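Listed here are the chains, written in short residue letters.
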Amino acid sequence: MNIESDVKYDFQDVLIRPKRSTLSSRKDVVLEREFKFRNGRKSSWVPIIAANMDTVGTLEMAKAFHENQLSVALHKHYPAEILTKFFSSSINTAAHWYSMGISQRDLEKFNLVKSKVDCSLPLNICIDVANGYQESFVHFIKEFRDENPDSVIMAGNIVTGEMTEALLLAGADIVKVGIGPGSVCTTRLQTGVGYPQLSAIIECADAAHGLKGYICADGGIKVPGDFGKAFGGGADFCMAGGLFASYDESGGELIQEGDRSYRKYYGMSSEEAMSKYSGGVAHYRSAEGRLVLVPNKGPVEQAIKDILGGLRSTCTYVGAERLKELSKRTTFVRVMRQHNEMFNKNSKEA
Ligand code: 5GP
């Protein structure tokens, strides 16, 4: 047994120190970033991705995100025909992500879609497992890369530098970082396993950038300012679920309670999801996600504007003209309090 005693940080443990800047307006900040991947391909995105969950990563979300140059990792439970049709548009193929696990079924479905997609561009692929530490996962990435030399491959999830290196060397372009930070994730409660997300980002980014790879911070973004902290900590991409749940485009079932309406948002390893897609929770495992009902919020457009506005403002406070420069301009300060909570209790949102 070993204890590592140096402190690890979550988003709520820090704030970003403002710095003198020559930027005069938020509108001068460029959030779009050009990426040159290890496999040689280049792409330009605002690097915020809606999570590959069936209550977030939907076709409708992809349309709304696309209009703002953001991307969506479509959830893997869409039928092959729908995915084929979606990715047969070159616009969608360039911007969005095909998600899959590593089962034989996932692989067969991917190969079917790939063979039928009518588009000259290779797919961007998000290969997602709850525990990216398994040796079989690394082997899968190696073989998958050999079969798909031109695709941008994102693989995860992991939380440490050595596993970031292993996945990049196995063939990933982007390593997805996060074990247990998610808003509907119960892995930390069920297993005791996890790693504070900001430290995971900082450490994995350091490992990835040394190998000319990228990371995608996944999970734990609760407010727009957390995107600023994740990018400031070195994340190249950020994936979020809860922040995009319960909009018209989200896909979660609508529940009416009196005059209030809610949408379901649940983890993809929750009992809800496993009952829907795998006929229930297998006898040898437990659910590692939960179900919540989130007040219905209307179209996602305003939320996107709010997030991008917040991120532009983060960049302005530290003098980063481009999102790419944010991590170089970031100094975190360790804090005991995030914000003034005076009106949080016993007051009503106007
Ligand atoms: P959020 O943005 O809601 O905090 O986190 C979204 C992320 O949580 C997803 O991208 C995924 O990595 C993770 N996630 C989704 N469903 C589950 C689940 O059932 N269990 C766990 N442990 N993580 C989940």
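Residues numbered from 1 in each chain as written. Predicted model: local features only at pLDDT ≥ 70, side-chain atom pairs only at ≥ 80, totals over all residues. Heavy atoms only, no water.

Describing the pattern of salt bridges
Move 1: Counting across every chain of the model gives 13 salt bridges.
Move 2: The salt bridge involving Glu203 is made with Lys8; its shortest N-O contact spans 2.8 Å. Note that Glu203 is positioned in helix H8 (residues 197–210) and Lys8 in the segment before strand E1 (14–16), a separation of 195 residues in sequence. (Salt bridge = Lys/Arg side-chain N within 4 Å of Asp/Glu carboxyl O. Helix = DSSP H or I, 4+ residues; strand = E, 2+ residues; numbered from the N terminus.)

Observations concerning the sheet that holds strand E12 (residues 254–257)
Move 1: Spatially, E12-E13-E14 is the arrangement adopted by the 3 strands of the open sheet, whose pairing is antiparallel. Sheet topology places E12 and strand E14 (291–295) at the edges, where each strand pairs with a single neighbour. Averaged over all pairs of adjacent strands, the angle between their axes in this sheet comes to 40°, without regard to strand direction. (Pairing = 2+ DSSP bridges. Axes fitted to C-alpha atoms, helices over the stretch in contact; angles between N-to-C directions.)

Concerning the side chain of Ser199
Move 1: Inspection of the secondary structure assignment puts Ser199 in helix H8.
Move 2: Those residues in contact with Ser199 that sit more than four places away from it in its chain are Lys8 and Tyr9. (Contact = heavy atoms within 4.5 Å.)

Considerations on the environment of Lys297
Move 1: By secondary structure assignment, the location of Lys297 is in the loop between E14 and helix H11 (301–318).
Move 2: Exposure remark for Lys297: the relative accessible area of 39% places this residue in the partly exposed category.
Move 3: Along the primary structure Lys297 and Pro196 are separated by 101 residues, whereas in three dimensions their C-alpha atoms are 29 Å apart.
Move 4: Beyond its immediate stretch of four places on either side in the chain, Lys297 contacts Ala245, Ser246 and Tyr247. (Buried < 20%, exposed > 50% of the residue type's maximum accessible area, 1.4 Å probe, protein only.)

Overview of the packing of helix H6 (residues 161–170) against H8
Move 1: Where H6 meets H8, the closest approach of the two axes is 8 Å, and the angle between their N-to-C directions is 40°. Here the hand of the crossing between H6 and H8 comes out right-handed. Of H8, the residues touching H6 (which contributes Gly161, Thr164, Glu165 and Leu168) are Glu203, Cys204, Ala207 and Ala208. (Left-handed = near helix turned anticlockwise from the far one by under 90°.)

A look at helix H4 (residues 104–116)
Each α-helix turn comprises 3.6 residues. Residues three or four places apart therefore point the same way.
Move 1: Here H4 is 13 residues long and its end C-alpha atoms lie 18 Å apart, about the 18 Å a rise of 1.5 Å per residue gives.
Move 2: Listed as buried for H4 are Asp106, Phe110 and Val113. An end-on view of H4 places all buried positions within 65° of arc, on one side of the element. In H4, the exposed residues that point more than 90 degrees away from the buried face are Gln104, Arg105, Ser115 and Lys116.
Move 3: On the buried face of H4, the contacting elements are helix H2 (80–87), strand E6 (97–100), strand E7 (124–128) and helix H5 (135–147). (Expected span 1.5 Å × (residues − 1). Arc of directions from axis to C-beta.)

Some words on the nonpolar core
Move 1: One finds Phe227 and Phe244 to be the most contacted residues of the largest nonpolar core, which totals 98 residues.
Move 2: Here the element with the most residues in this core is H11; it accounts for 7 residues. (Core = buried A, V, L, I, M, F, W, Y, C linked by side-chain atoms within 4.5 Å.)

Some points on the site of the ligand
Move 1: Taken together, 21 residues sit near the ligand, with Ser183, Thr187, Asp218, Ser269 and Glu288 positioned nearest.
Move 2: Between Thr187 and the ligand, the recorded distance is 2.7 Å, taken from a side-chain N or O atom to a nitrogen atom.
Move 3: Measuring from an oxygen atom of the ligand, one finds a backbone N or O atom of Gly220 at 2.9 Å.
Move 4: For the shell around the ligand, the class distribution of residues is 7 nonpolar, 12 polar and 2 charged. (Near = heavy atom within 4 Å. Polar contact = N/O pair within 3.5 Å; in protein donor to acceptor, adjacent residues only side chain to side chain. Nonpolar A, V, L, I, M, F, W, Y, C, P; charged D, E, K, R; others polar.)

What to know about the packing of aromatic side chains
Move 1: Counting across every chain of the model gives 16 aromatic pairs.
Move 2: Centre to centre, the rings of Phe35 and Tyr214 are 5.0 Å apart; their planes meet at 90°, and the pair counts as edge-to-face. With Phe35 in strand E2 (residues 33–36) and Tyr214 in strand E10 (residues 214–218), the pair connects residues that are 179 residues apart, well separated along the chain.
Move 3: Look at Phe35 and you get buried, because its relative accessible area is 0%. (Phe/Tyr/Trp six-rings, centres within 6.5 Å; stacked < 30°, edge-to-face > 60°.)

Here's the deal with the packing of H5 against H6
Move 1: Packing of H5 against H6 leaves a shortest axis separation of 8 Å and a crossing angle of 30°. Between H5 and H6, the interaxial angle falls into the category roughly parallel. Every residue of H6 that contacts H5 at Phe137, Val138, Ile141, Lys142 and Arg145 is listed here: Met163, Ala166, Leu167 and Ala170.
Move 2: Considered class by class, the residues forming the contact of H5 with H6 number 7 nonpolar, no polar and 2 charged. (Parallel < 35°, antiparallel > 145°, perpendicular 65-115°, else oblique.)

Focus: unusual backbone geometry
Outside of glycine, negative phi angles account for most residues, and trans bonds account for most peptide bonds.
Move 1: Here the residue pair Gly156 and Asn157 is connected by a cis peptide bond, since its omega of 15° sits within 30 degrees of zero.
Move 2: Counting through the fold element by element, Asn157 comes out in strand E8 (residues 152–158).
Move 3: In the Ramachandran plot, Gln69 falls in the positive-phi region, its phi being about 65° despite a non-glycine side chain.
Move 4: Mapped onto the elements, Gln69 comes out in the loop between helix H1 (59–66) and strand E5 (71–74).
Move 5: Not every positive phi belongs to a glycine, and Ser246 is a case in point at roughly 70°.

Topic: the sheet that holds E8
Move 1: Taking strand neighbours around the barrel as the criterion, the 8 strands line up as E4-E5-E6-E7-E8-E9-E10-E11 in a closed arrangement whose pairing is parallel. The sheet shows a mean angle of 25° between the axes of neighbouring strands, direction not considered.
Move 2: The pairing of E5 with E6 spans 2 bridges and is parallel. Of the residues in E6, the one forming a bridge with Ala73 is Trp97.
Move 3: Sheet contacts for H4: E6 and E7; angle to E6, the most-contacted strand, approximately 150°.

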